Amino acid sequence: MSTKASREPKDMTTGRALCGFFAPILVLIVLIAVGADVTIAALAALFVMIGFCAYMGYSWDSIDSAMSEGVRQIATAAVIMLLVGCMVAVWMAAGTIPTLLFYGMKIITPKLFLPICFILPAFMAVCAGTSWGAISTIGVVLCGMAEGLGIPVAMAAGAVISGAFFGDKMSPLSDTTLLAASSCEVPLFTHIKSMWYTTIPGTIICLVVYTLLGLNASGSIDVAAVSELSGGLASSFNISLLHVVPVVLVLALSVMRVPAFLAFGAGIGSGILWAMVFQGRSFVENLGYIMNGFSIESGVSAVDALVNRGGFSSMLSLVGILIVLGMLSGLFSKSGVLNVLVSSLSKKLNTPGTILFGAWASSLIICLIGGQYPAIAIPAVAFKDACDDMDIHRAVLSRTLEDVGTMVAAIIPWSAWVMGYGVVLGGVTVQQFIPYTFLPMLCPIIALIHNFTGIGLYHKNDEIKYRPLWRRK
């Protein structure tokens, strides 16, 4: 071994640790702020961290080994993400998701229109794993109906976005849900069960407030737009409750605690079979959908926008981000940056509530500038070991990061995505609809309250079960 390779690294002081932690993060945030893709910004941050490790005296072999270990730790999660993309595509081809959407639209009634503006996008987003798909399809229809009911479009838009982000947060098909679970190394459905503690109270409050706001709505609904969408689904797919079997299968396997890798594999296999038997799509066609995503031209643009999605390739960008962040995580661990910072931080943040507040605040700061993915992944890397030391279940950390990183992204006024919601939902401005987008505002507040009062704050070896108002002892 060469002298350089065997050289002892420099001591990691608090000052060096601060430099090693903030230098790559600042590069990441600045590049995203100027318009760089998240993956490219993360890659640049990785090179900054490589340079820091070299300055600290680590050999290339050591750096390479640390990055490889970081990738190894997220390899299974990355493949699960790819499986989810494949499963979404074949469930579209099988008519599974279209069936859920078709029957979901049947529940619209005039007097409860505003809470339905929350419920229906939530249902669709849970089924499809995407907030944007729900907002840009059924959300457009619902906001178009609002004027005829005497309900301000801004209220309807706020309810639609809140419901869509409920689905984005709680769906096992959602990229942010998968990212939070994998970044904190928590089983997917354990993470989802943990989120019930903050999401259920927030949802109840939303439904009560939206009901009170919309209770005086009058007039009748013009069902033409809904009929066009449901008719487009019915003409493009064979619709039957039998098509929900692949979803039931995956949920049943999940309840039986079958690993997500195998459960999603079963979902893909059953989806292919259903698409061949009930929709008349050949095996070769299904293979194409699995790779490139499902695609049809139904003649109804709203239908096409809703169902043309999924596939292996649709998840490659997210997997790329996860791999780069995994390598970055490996370097953080190898260099000891996080250990030193957390050790210093623990002198002030020395209770479960304050440790989780540190993760909460970090996620909020990154989300305001850097977007959802970094706001979830970076604090996960920084705080998961600290949660272990404080005897906090990592599912509490992953829940907190989704309560902030996923939800706050819906109400950032300068976000291009948020401004786009207003354009799509009837030309309302962010100033008009954000005050009615209640769930993304409530979840971070409820998370703070729960974390400081101990509600749902499980010990690290506890089994996660939803018991309302259960408190840590």
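Residues numbered from 1 in each chain as written. Predicted model: local features only at pLDDT ≥ 70, side-chain atom pairs only at ≥ 80, totals over all residues. Heavy atoms only, no water.

S.K.: Give a detailed account of the overall build of the protein chain, specifying residues and quantitative values.
M.R.: Looking only at helices and strands, the protein chain features 24 helices and zero strands. For 473 residues, the compact-globule estimate of 2.2 N^0.38 gives 23 Å, and the C-alpha radius of gyration of the protein chain, at 23 Å, lies within 12% of that figure. Taken along its principal axes, the extent of the C-alpha atoms in the protein chain is 75 × 50 × 45 Å. Expressed as a percentage of its 473 residues, the buried residues of the protein chain come to 57%. Restricting the contact set of the protein chain to residue pairs at least 6 apart, pairs at least 24 apart contribute 76%. Total accessible area on the protein chain is roughly 19,000 Å²; 67% of this is exposed by carbon and sulfur atoms. With 24 positive and 23 negative side-chain charges, the protein chain shows a spacing of 10 Å between the two charge centroids. (Helix = DSSP H or I, 4+ residues; strand = E, 2+ residues; numbered from the N terminus. Rg over C-alpha atoms; globule rule 2.2 N^0.38 Å. Buried < 20%, exposed > 50% of the residue type's maximum accessible area, 1.4 Å probe, protein only. Contact = heavy atoms within 4.5 Å. Areas by Shrake-Rupley, 256 points an atom, 1.4 Å probe, with all protein chains shown as cover. Lys, Arg positive; Asp, Glu negative; His and termini not counted. Charge placed at Lys NZ, Arg CZ, Asp CG, Glu CD.)

S.K.: An account of the pattern of salt bridges is needed here, citing residue identities and associated values.
M.R.: Summed over the entire model, instances satisfying the criterion amount to six salt bridges. A salt bridge links R72 to E69, with the shortest nitrogen-to-oxygen separation between them at 2.7 Å. Placement of both R72 and E69 in helix α4 (residues 60-93) is noted, with a separation of three residues, approximately one turn of the helix. Relative accessible area serves as the criterion here: at 33%, E69 is assigned to the partly exposed category. Taking the shortest distance from any N to any O, the salt bridge between R394 and D385 comes out at 3.2 Å. You can call D385 partly exposed: its relative accessible area is 38%. Counted as one network, the salt bridges with shared partners bring together E185, K384, D385, D388 and R394. (Salt bridge = Lys/Arg side-chain N within 4 Å of Asp/Glu carboxyl O.)

S.K.: Now, about empty space enclosed by the protein: what can you tell me, with residues and values included?
M.R.: Applying the stated criterion across every chain, the model contains one cavity of 30 Å³ or more. Taken as a whole, the largest cavity spans an internal volume of roughly 170 Å³. Elements with a minimum of two residues in the lining of the largest cavity: α4, α10 (175-183), α17 (316-335) and α20 (372-389). If one sorts the elements of the lining of the largest cavity by residue count, α17 sits on top with six residues. (1 Å grid on protein atoms, 1.4 Å probe; cavity = no way out; pocket = protein on both sides within 12 Å on 5 of 7 lines; lining within 4 Å. Points joined across faces, edges and corners; volume = space filled by probe spheres on them.)

S.K.: How would you summarise the packing of helix α6 (residues 113-128) against helix α9 (residues 153-170) if you had to cite specific residues and measurements?
M.R.: Viewed as axis vectors pointing N to C, α6 and α9 meet at an angle of 30 degrees, and their least axial separation amounts to 7 Å. Considering the angle they form, α6 stands roughly parallel to α9. Pair α6 / α9 crosses with right-handed handedness. For the pair α6 and α9, contact is made by L114, C117, F118, P121, A122, A125 and V126 and by M155, A156, A159, V160, S162, G163, A164, F166, G167 and D168, respectively. Residues of the contact of α6 with α9, tallied by class, amount to 13 nonpolar, three polar and one charged. (Axes fitted to C-alpha atoms, helices over the stretch in contact; angles between N-to-C directions. Parallel < 35°, antiparallel > 145°, perpendicular 65-115°, else oblique. Left-handed = near helix turned anticlockwise from the far one by under 90°. Nonpolar A, V, L, I, M, F, W, Y, C, P; charged D, E, K, R; others polar.)

S.K.: Report on unusual backbone geometry, specifying residues and quantitative values.
M.R.: Outside of glycine, negative phi angles account for most residues, and trans bonds account for most peptide bonds. Phi at E185 takes a positive value of approximately 60 degrees, unusual for a residue other than glycine. Inspection of the secondary structure assignment puts E185 in the loop between α10 and α11 (188-214).

S.K.: Before we move on, can you summarise the environment of E69 with the specific residues and values?
M.R.: The spatial distance from the C-alpha of E69 to the C-alpha of G326 is 8.3 Å, given a sequence separation of 257 residues. In this structure the side chain of E69 is engaged in a polar contact, spanning 2.7 Å, whose partner is the side chain of R72. (Polar contact = N/O pair within 3.5 Å; in protein donor to acceptor, adjacent residues only side chain to side chain.)

S.K.: Can you tell me about the packing of aromatic side chains, naming the residues and giving the values?
M.R.: Going through the model one piece at a time under the given rule, you end up with 18 aromatic pairs. With a centroid separation of 5.8 Å and 50 degrees between ring planes, the pair formed by F21 and F332 is classed as tilted. Highlighted residues: F21 in helix α2 (residues 14-33) and F332 in helix α17, separated in sequence by 311 residues. Assessed through its relative accessible area of 14%, F21 is described here as buried. Residue classification places F332 among the buried positions, given a relative accessible area of 3%. Taking 6.3 Å as the distance between ring centres and 45 degrees as the angle between the ring planes, the aromatic pair formed by F357 and F452 counts as tilted. Within this pair, whereas F357 is found in helix α19 (residues 352-370), its partner F452 is found in helix α24 (residues 438-453), the two being separated by 95 residues in sequence. Ring pairs connect the aromatic residues F118, F166, Y210, Y436 and F438, which therefore count as one cluster. The positively charged end of K10 is found above the aromatic ring belonging to Y55, 3.8 Å away from the centroid. (Phe/Tyr/Trp six-rings, centres within 6.5 Å; stacked < 30°, edge-to-face > 60°. Lys NZ or Arg CZ within 6 Å of the ring centre and 35° of its normal.)

All quantities given are derived from atomic positions and should not be read as evidence of function.
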